Amino acid sequence: MSSTPDTTTAPAPRRGGLTIADKVVERTAGQILKDLPGVGGTSAGLFGIGANSSLETRPAVDVTLSGRSCTLAVDVGLSYPTPIAEATERVRTTLSTEVERLTGVTVRQVDIAVRWLRPAAVGTDRGKRTLQ
Amino acid sequence: MRRTAAAANRTGLIIVGLIALLLGLAVLAIGFGFAAAFLPSLQADASLDPATAVLALPYSAVIALVVAVVLAVIALRWLAVQVPRKDFAKPFRMQADARTGLTTMNAEVIAEAVADDLESTDGVVDAQVILRGTARSPELLVHIDADERADIDALIAEVADRVAGNASLALGAPLRAVAVEVGIARTRSRRQRTVSV
């Protein structure tokens, strides 16, 4: 007989709590967006100088936590041409499902601001064109 | 492409014209003695001393100053309205259900994408695009600077088919109107400096 207490069956409060910072939810949501095809973001430059928009950049996410749920506000860029309403609805559904699955935080609302649209082949350099 | 203040000018000129017309009629009525039938003091040869006395009152200058400031504000506002403006559509709301969140996009975003799409077309040197209307009923105004050796008919067909089709696909609604203005660029574009093969 071992004298060590059986921690696996102890009630949850006695095993300790789990605190998730809003930054964690932000980063998680940002990474989920980055992995979505045809969705991009804008990297922050120094005072806006050198800001770079591309489909390879992680979109900016702002999280407002309230209890065990949150609302997300995301700034995204999308590939063009693509049906914007359908693409943003896919972003919303994926974020709601995946953020909740990965963090346990329920997503109540996802506000999406579409900041730019760009052909996937153009990339980030507006002065450069690609011969296809 | 840009909207000017034609309606504001018409309204302003009608108001100024009506005021001038009424003042002119009043002066004519006084001069010909018709006004004396209603107000005996309004004779053509009546002394202007009472009016002069009013202007000599201490607060007359203040009233004149206030009136001048009001007129100056109206004049400056009218002048500001004369600046031609692009008059983009209001930000589009594109969400299916607002309870799960809002989707917003400025009209400039789609206009810029359409301009990029146009500039990737053969024969187009530069393009400006304005999107008006609503998300369900958008209107596209396009100005193209085409190369002088470009096939203009083919270019317009390309805009009508591919470019307008792409915009319609992105917005998820048929375009209510597409206006195309074509200019000829005499100088060659120097914007493209690299090519990927």
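Rules behind the numbers
Residues numbered from 1 in each chain as written. Chains lettered and ligands numbered in written order. Predicted model: local features only at pLDDT ≥ 70, side-chain atom pairs only at ≥ 80, totals over all residues. pLDDT = per-residue confidence, 0-100. Helix = DSSP H or I, 4+ residues; strand = E, 2+ residues; numbered from the N terminus. Expected span 1.5 Å × (residues − 1). Buried ≥ 20, exposed ≤ 12 C-beta atoms within 10 Å, placed from the backbone. Pairing = 2+ DSSP bridges. Axes fitted to C-alpha atoms, helices over the stretch in contact; angles between N-to-C directions. Contact = placed C-beta atoms within 7 Å. Right-handed = clockwise from strand over helix to strand, strands pointing away.

Any chance you could break down the confidence of the model for chain B for me, citing the residues and the numbers?
Do not read the fine detail of predicted coordinates wherever pLDDT is low. Residues and elements named next belong to chain B. Per-residue confidence for chain B gives a mean pLDDT of 85, with 92% of residues at or over 70. Element-level pLDDT for chain B is lowest in helix α2 (residues 49-55), with a mean of 78, against a maximum mean of 93 in strand β2 (residues 103-105). If you check the scores for this complex, the pTM reads 0.66 and the ipTM reads 0.75.

Would you mind going over helix α1 (residues 6-31) of chain B in detail, with residue names and values included?
Residues and elements named next belong to chain B. Taking 1.5 Å per residue, 26 residues should reach 38 Å; α1 reaches 37 Å between its end C-alpha atoms and fits that length. Counting buried positions over the 26 residues of α1 gives 0, only a small fraction of the element. Count one or two residues on from α1 and you reach G33, which has phi positive near 85 degrees.

Account for the sheet that holds strand β5 (residues 177-185) of chain B, with residues named and values stated.
Residue and element names in this part refer to chain B. Strand order in the open sheet formed by 3 strands is β3-β4-β5, with mixed pairing between adjacent strands. The two strands at the open ends of the sheet, each matched to only one other strand, are β3 (124-133) and β5. Across this sheet, the average inter-strand angle for adjacent strands is 15 degrees, counted without regard to direction. As defined by bridge partners, strand β4 (residues 138-147) adjoins β5 across 9 bridges and the pair is classed as parallel. Residue pairing for β5: E139 is matched across the bridge by A177. The strands touched by helix α4 (residues 107-119) are β3 and β4; relative to β3, the strand with the most contacts, the crossing angle is about 150 degrees. Each of β3, β4 and β5 touches helix α5 (residues 152-171); the most contacted strand, β4, lies at about 145 degrees to it.

Report on the pairing of strand β4 (residues 69-79) of chain A, specifying residues and quantitative values.
Residue and element names in this part refer to chain A. In terms of strand pairing, strand β1 (residues 39-43) meets β4 through 2 bridges, oriented antiparallel. Its bridge partner being in β4, G40 is matched across the sheet by G77. Both strand β3 (residues 60-66) and β4 contribute to a ladder of 7 bridges, which runs antiparallel. Counterpart to L65 in the pairing with β4 is C70. A loop of 2 residues connects β3 with β4, the two strands running antiparallel in sequence, and G67 in this loop sits at a positive phi of about 65 degrees. Bridging between β4 and strand β5 (residues 106-118) involves 11 bridges; their strand directions are parallel. When the bridges of β5 are listed, L78 appears paired with L117. Handedness of the crossover is the feature at issue here: the chain leaves β4, passes through helix α3 (residues 84-103), returns alongside β5, and the resulting connection is right-handed.

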